[in-house]
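A look at the structure
Here is what each chain is made of, one letter per residue.
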Amino acid sequence: MSQTSAALGRIQPSATLAMSARVNALKADGVDVIGLSAGEPDFDTPDFVKEAGIAAIRKNLTRYTDVDGTADLKDAVAFKFKRDNGLDYKRSQISVNSGGKHTLFNALVATVDVGDEVIIPAPYWVSYPDIVNFAGGTPVFVEGPASQGYKITAAQLDAAITPRTKWLILNSPSNPSGAAYSANELKELGEVLRRHPHVLIMTDDMYEHVWYAPTPFATIAQVCPDLYERTLTVNGCSKAFSMTGWRIGFAGGPEWIIKAMGKLQSQSTSNPCSISQAAAVAALTGDQDFLEERNAAFKKRRDMVVSMLNDAPGLDCPTPEGAFYVYPDASGVIGKTTPKGQLIDSDETLIGYFLDEARVAAVHGAAFGLSPAFRISYATSEEVLAKACKRIQEACAALK
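Residues numbered from 1 in each chain as written. Predicted model: local features only at pLDDT ≥ 70, side-chain atom pairs only at ≥ 80, totals over all residues. Heavy atoms only, no water.

By the naming in an unreviewed UniProt entry, the protein goes by Aminotransferase and is assigned to Sphingobium agri. In the Catalytic activity (unreviewed entry) part of its UniProt record, the protein is described as follows: "L-aspartate + 2-oxoglutarate = oxaloacetate + L-glutamate". Annotation of the protein in UniProt includes, under Cofactor (unreviewed entry), the sentence "pyridoxal 5'-phosphate". (UniProt positions renumbered as here; feature names shortened; annotations may be inferred.)

Below, the structure written as structure tokens:
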């Protein structure tokens, strides 16, 4: 008899966190390895946000708060949704959680039963299917290949929906590919969803403010307002405000879902950190001008990385429209052999070769549900990125 639960047995450790741990161990041993596997901005939390957290400590705002967020933070979240997305939410329609992953976990575990299906476009963020599996549901993967810009079509969505479909998860811009759905593309998906009123929609907009496309960011409840009542719009402070360690995620949606999420949270983590909540109020309501400067830096890095990876023999790297990842297609190197005679038979083998021989850490595409490919984060300096891409070029050139 297993000593751990069946639910735990249905999930796997995060592949991205596992690679980050491996990189840290190599660095601790003095190995010159370049880690490009972590999905974390290299910019600091803005000073005005840090000062708000410090002020909260000095004001002794260190006690329990309401389970799913303070009134001040819920008002700030409502302000953000109205300012950025044209969406109106009351406090009772907003949930605040300990990071975006917690928001997604609460929503899925609170609503998914055994036999329920959750449509997940691939490539996908590694945690989506595991959370669905933990809840007892069934992930249904719909592949959006590189030839489609790593996005799914309305016809694909329509074909995937069954009477058992509970949720569709949309992540735009995407982790891992950086692909972003335009307003028109979202409207096309919305046309399908109108024909299937039993399907709930979860939009993971965490990379909303890391955006390079010429058209403005859009989210489905904004462009398809008739779907508002069955859409949970998820966001957070981690990526835009470089607050990954502060752990604040949030969502706006139907009151019944928000209430269910709060019930679950009341018996698990209880409230998010009170200091982090105070800092998040400042982040969401304060000066947003710094976002444009940071986006310009990310875009410059993106362009360099895409160019250098496309110069690597066998790789084809599309240009992402948002986030801070690239997802090169590695079809051209599968089947080749390393100088030591190892066959590159999968993207996982390829990533192992990069780590062992080129000393560059990335995450293999199989972890994201679409192979052969790999994910690189360019949330680090141009100098480090240039060095890493040069190593990848040389490693690909050495394959026979």
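Moving on from the coordinates now.
**Here's the deal with the nonpolar core**
One finds Leu309, Leu315, Phe354 and Phe374 to be the most contacted residues of the largest nonpolar core, which totals 46 residues. When contributions to this core are tallied by element, the ones reaching two or more residues are α2 (15-28), α12 (290-310), β9 (325-326), α13 (347-358), β10 (360-361), β12 (374-377) and α14 (382-397). Discounting residues that sit within four places of it in the chain, Leu309 has contacts with Leu315, Cys317, Val326, Pro328, Ile376, Cys389 and Ile392. Counting 32 residues, the second-largest nonpolar core is a separate cluster that includes Ala135, Trp167, Ala251 and Leu370. (Core = buried A, V, L, I, M, F, W, Y, C linked by side-chain atoms within 4.5 Å. Buried < 20%, exposed > 50% of the residue type's maximum accessible area, 1.4 Å probe, protein only. Helix = DSSP H or I, 4+ residues; strand = E, 2+ residues; numbered from the N terminus. Contact = heavy atoms within 4.5 Å.)

**A short note on the pairing of strand β5 (residues 165-171)**
Buried residues dominate β5, accounting for 6 of its 7 residues. The pairing of strand β3 (residues 117-122) with β5 spans 3 bridges and is classified as parallel. Bridge pairing in β5 links Glu117 to Thr165. Strand direction decides the pairing type here: β5 and strand β6 (residues 200-204), joined by 5 bridges, are parallel. (Pairing = 2+ DSSP bridges.)

**Focus: α13**
Among the 12 residues in α13, 9 count as buried, and that is most of the element. Every buried residue of α13 is accounted for by Asp347, Thr349, Leu350, Ile351, Gly352, Tyr353, Phe354, Leu355 and Ala358. A positive phi of about 60° marks Arg359, the residue just after α13.

**Concerning the side chain of His102**
Among the secondary structure elements, His102 is positioned in helix α5 (residues 100-111). From its side chain, His102 meets the backbone nitrogen of Ser98 in a polar contact 2.9 Å long. The contacts of His102, once residues within four sequence positions are left out, are Asn97, Gln265, Ser268 and Thr269. (Polar contact = N/O pair within 3.5 Å; in protein donor to acceptor, adjacent residues only side chain to side chain.)

**Points about the sheet that holds β12**
As summarised here, the arrangement of the 3 strands in space is β9-β12-β11, forming an open sheet in which the pairing is antiparallel. Here the strands that pair on one side only, and so sit at the sheet edges, are β9 and β11 (363-364).

**Details of the UniProt feature "domain: Aminotransferase class I/classII large" (unreviewed entry) in the protein**
With numbering aligned to this structure, UniProt lists the feature "domain: Aminotransferase class I/classII large" (unreviewed entry) at residues 32-392. Structurally, residues 32-392 is divided into 39% helix and 14% strand, and its ends, taken at the C-alpha atoms, are 14 Å apart.

**Quick word on the packing of aromatic side chains**
If you walk through the whole model with that rule in mind, you get 18 aromatic pairs. Judged by centre distance (5.4 Å) and plane angle (75°), the ring pair of Tyr207 and Phe324 falls under edge-to-face. One end of the pair, Tyr207, is in the loop between β6 and α9 (220-223); the other, Phe324, is in the loop between α12 and β9, with 117 residues separating them in the sequence. Take Tyr207 and Phe324: they sit in the same class, and that class is buried. Here a set of aromatic residues connected by ring pairs shows up, and it is made of Phe43, Tyr207, Phe298, Phe324 and Tyr325. Its guanidinium or amino end placed over the ring of Tyr181, Lys151 lies 6.0 Å from that ring's centre, counting from NZ or CZ. (Phe/Tyr/Trp six-rings, centres within 6.5 Å; stacked < 30°, edge-to-face > 60°. Lys NZ or Arg CZ within 6 Å of the ring centre and 35° of its normal.)

**Let's talk about the sheet that holds strand β4 (residues 138-143)**
Spatially, 7 strands are ordered β2-β8-β7-β6-β5-β3-β4 in an open sheet, and the strand pairing comes out mixed. Both edges of this open sheet fall to β2 (94-97) and β4, since each of them pairs with a single strand only. Each strand axis lies, on average, 20° off the axis of its neighbour in the sheet, ignoring direction. The pairing of β3 with β4 spans 6 bridges and is classified as parallel. Residue pairing for β4: Ile120 is matched across the bridge by Phe141. (Axes fitted to C-alpha atoms, helices over the stretch in contact; angles between N-to-C directions.)

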